[in-house]
2 protein chains.
Amino acid sequence: MDNSKMGSGDKLLLAALHLIAEKGYNGVTTLEIATAAGLSEKTLFRHFGTKQKLLEAAFDRYHYAEEMKKLFAEKLVWDLEKDLLLVSTTYHEIMNRNRKMIQISLKEDEGQLPGFRARTQKHPQQLLEILTNYFIEMSHKGKIVTSNPELQAFSFIMMHFGAFMNDLDQHKSYPGIGLTPFVQESIQLFARALRP
Amino acid sequence: MDNSKMGSGDKLLLAALHLIAEKGYNGVTTLEIATAAGLSEKTLFRHFGTKQKLLEAAFDRYHYAEEMKKLFAEKLVWDLEKDLLLVSTTYHEIMNRNRKMIQISLKEDEGQLPGFRARTQKHPQQLLEILTNYFIEMSHKGKIVTSNPELQAFSFIMMHFGAFMNDLDQHKSYPGIGLTPFVQESIQLFARALRP
DNA sequence: TATAAATGTCAGTGACTACTGACATTTTGT
DNA sequence: ACAAAATGTCAGTAGTCACTGACATTTATA
């Protein structure tokens, strides 16, 4: 979080990201963003031309787009509890890295951010495929019983998506429940539900 | 949805609700709202004075604040699958009734809507209590095994919260997965995980 | 039909805001 | 130390938007 040695462009992008995630695109002025970045408004426009292009640049710069598939192909060990832990933690890691992006795409409607939503939805979709196939494979190996692997994978993801959304921003509906014990519980639940 | 015989005030409130939920408070103009309601901008201001007060009035008018507790006290039959179905469907019903409200409180930051968020969070908190106590009671009756009832209740709710959020608006990350089969699956999962 | 209440029209005001140009100042690389 | 690049200052423009006042028109009601 040391801004001092960052380039002006990056300072502006970060400030824009934070402020827009917090107050929405229309809720922040270019002056606010520039001031938060410790720069003049003029510099903002010299770098990015328009407010729109600033947002787009921030998105391009700070959206983590690594492929999840490779990440799992090598790490799965075909032990249900270990693998579900890997999936959960990886999921929350990626979602947290993209936290600001997700906040923004939640607040703004599609018109203003072309292709924005498509990109924030890439990971969840990948994850569903991976987890579904994992359940099928585990079923073949006789390590779990599964009637509808896709729905079960979906349920698992929705659980963590819900928990992530609940954590997002300040508006926590359920204070006092930490993420780590929840992850543990979710895994135990599925382990028990799927045991042969 | 027949606007023709509604009073002007209600027409404006509904239009405001829809538009603000869609485009955010700062993304809609008072002229847009009035036009959508089939009325003049002047009428809007004559009724509500300011744009802020319009939003507040819309919130007061269309936020469903029934108590969940009574709703369940009478209906629970102490059969896990039946009761979980009741809980799920009731949850989705209430969330869907408050859909627009939830969309708005997601888009706007707390500063603009005092006490807004507190009210949208009332239901979820009530539900957690109810479900936790239900699990404890069911455990006493020997009908389920439960190690950590609050975390399990939380997990169940997060699952449905996630599914609801995923359904919200247009930005469905997982098309092709219906809500009803998901509800069924979620119940079966918990039934299997909690069976003695 | 007479009267009052609700709504419309229209022109306008003041505040805000994205964005620009001209010019001065600072920072950086060599 | 020098030139070039980056940044700041400041005044200003054009557009938008919440909100108002004066007056006309419609609608409801008795």
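Since the model is a prediction, treat every value here as computed from it, not as a measurement. (Residues numbered from 1 in each chain as written. Chains lettered and ligands numbered in written order. Predicted model: local features only at pLDDT ≥ 70, side-chain atom pairs only at ≥ 80, totals over all residues.)

Asker: Help me understand the UniProt feature "DNA-binding region" (unreviewed entry) in chain A in this model?
Answerer: Those places that UniProt annotates as "DNA-binding region" (unreviewed entry) correspond, in this numbering, to residues 29-48 of chain A. Secondary structure content for residues 29-48 of chain A is 75% helix and 0% strand, and the end C-alpha separation is 14 Å. (UniProt positions renumbered as here; feature names shortened; annotations may be inferred. Helix = DSSP H or I, 4+ residues; strand = E, 2+ residues; numbered from the N terminus.)

Asker: Where do I start with helix α6 (residues 80-97) of chain B in this structure?
Answerer: Along an α-helix, a turn takes 3.6 residues, which lines up residues three or four apart on a common side. All names here are of chain B. Compared with the 26 Å implied by 1.5 Å per residue over 18 residues, the 26 Å span of α6 between its first and last C-alpha is a close match. Listing the buried residues of α6 in full gives Leu-84, Val-87, Ser-88, Tyr-91, Ile-94 and Met-95. Axial view of α6: buried residues confined to an arc of 140°, hence all on one face. Opposite its buried face, α6 presents the exposed residues Glu-81 and Glu-93, each directed more than 90 degrees away. Summarising the contacts, the buried residues of α6 are in contact with α7 (99-107), α9 (122-140), α10 (149-167) and α11 (179-194). (Expected span 1.5 Å × (residues − 1). Buried ≥ 20, exposed ≤ 12 C-beta atoms within 10 Å, placed from the backbone. Arc of directions from axis to C-beta. Contact = placed C-beta atoms within 7 Å.)

Asker: Got a minute to help me understand the protein's contact with DNA strand D in this structure?
Answerer: The immediate surroundings of DNA strand D are formed by 14 residues, with Ser-8, Ser-40 and Thr-43 of chain A together with Thr-29 and Thr-50 of chain B found nearest. Put simply, the parts of the chain that give the surface near DNA strand D at least two residues each are α3 (41-48) of chain A together with α2 (30-36) and α3 (41-48) of chain B. Taken together, the residues that form the surface near DNA strand D break down as 3 nonpolar, 6 polar and 5 charged. (Near = placed C-beta within 6 Å. Nonpolar A, V, L, I, M, F, W, Y, C, P; charged D, E, K, R; others polar.)

Asker: Just to check I follow, could you spell out the interface of chain A and chain B for this structure?
Answerer: Size of an interface, as often reported, equals the accessible area lost when the parts are brought together. Facing 36 residues of chain A, the contacting portion of chain B comprises 36 residues. Every element with two or more residues in the side of chain A that touches chain B is listed here: α1 (8-23), α7 (99-107), α9 (122-140), α10 (149-167) and α11 (179-194) of chain A. With 11 residues, α10 of chain A is the single largest residue contributor to the side of chain A that touches chain B. Residues of the side of chain A that touches chain B, tallied by class, amount to 16 nonpolar, 13 polar and 7 charged.

Asker: How do you make sense of the protein's contact with DNA strand C when you look at a structure like this?
Answerer: Near DNA strand C, the surroundings consist of 15 residues, among which Thr-29 and Thr-50 of chain A together with Ser-8, Ser-40 and Thr-43 of chain B are the closest. Per-class residue counts for the surface near DNA strand C are 3 nonpolar, 7 polar and 5 charged.

Asker: Hey, could you run me through the relation of the copies chain A and chain B in this one?
Answerer: For the pair of chain copies, the relating operation is a rotation around an axis with a shift along it. Between the two copies, chain A and chain B, the superposition gives an RMSD of 0.1 Å; the rotation angle is 180° and the shift along the axis is 0.0 Å. The superposition operator between the copies reduces to a two-fold rotation axis. (Least-squares fit on C-alpha atoms with pLDDT ≥ 70 in both.)

Asker: For this particular structure, what's the right way to read the UniProt feature "domain: HTH tetR-type" (unreviewed entry) in chain A?
Answerer: According to UniProt, the "domain: HTH tetR-type" (unreviewed entry) feature falls on residues 6-66 of chain A. For residues 6-66 of chain A, the helix share is 70%, the strand share is 0%, and the end-to-end C-alpha distance is 24 Å.

Asker: Which parts of the structure should I look at to understand the environment of His-63 of chain B?
Answerer: Residues and elements named next belong to chain B. With respect to the helices, strands and loops of the structure, His-63 is situated in the loop between α4 (51-62) and α5 (68-73). The class of His-63 is partly exposed, set by 17 C-beta atoms lying within 10 Å. Setting aside residues no more than four positions away along its own chain, His-63 makes contact with Asn-98, Met-101 and Arg-119.

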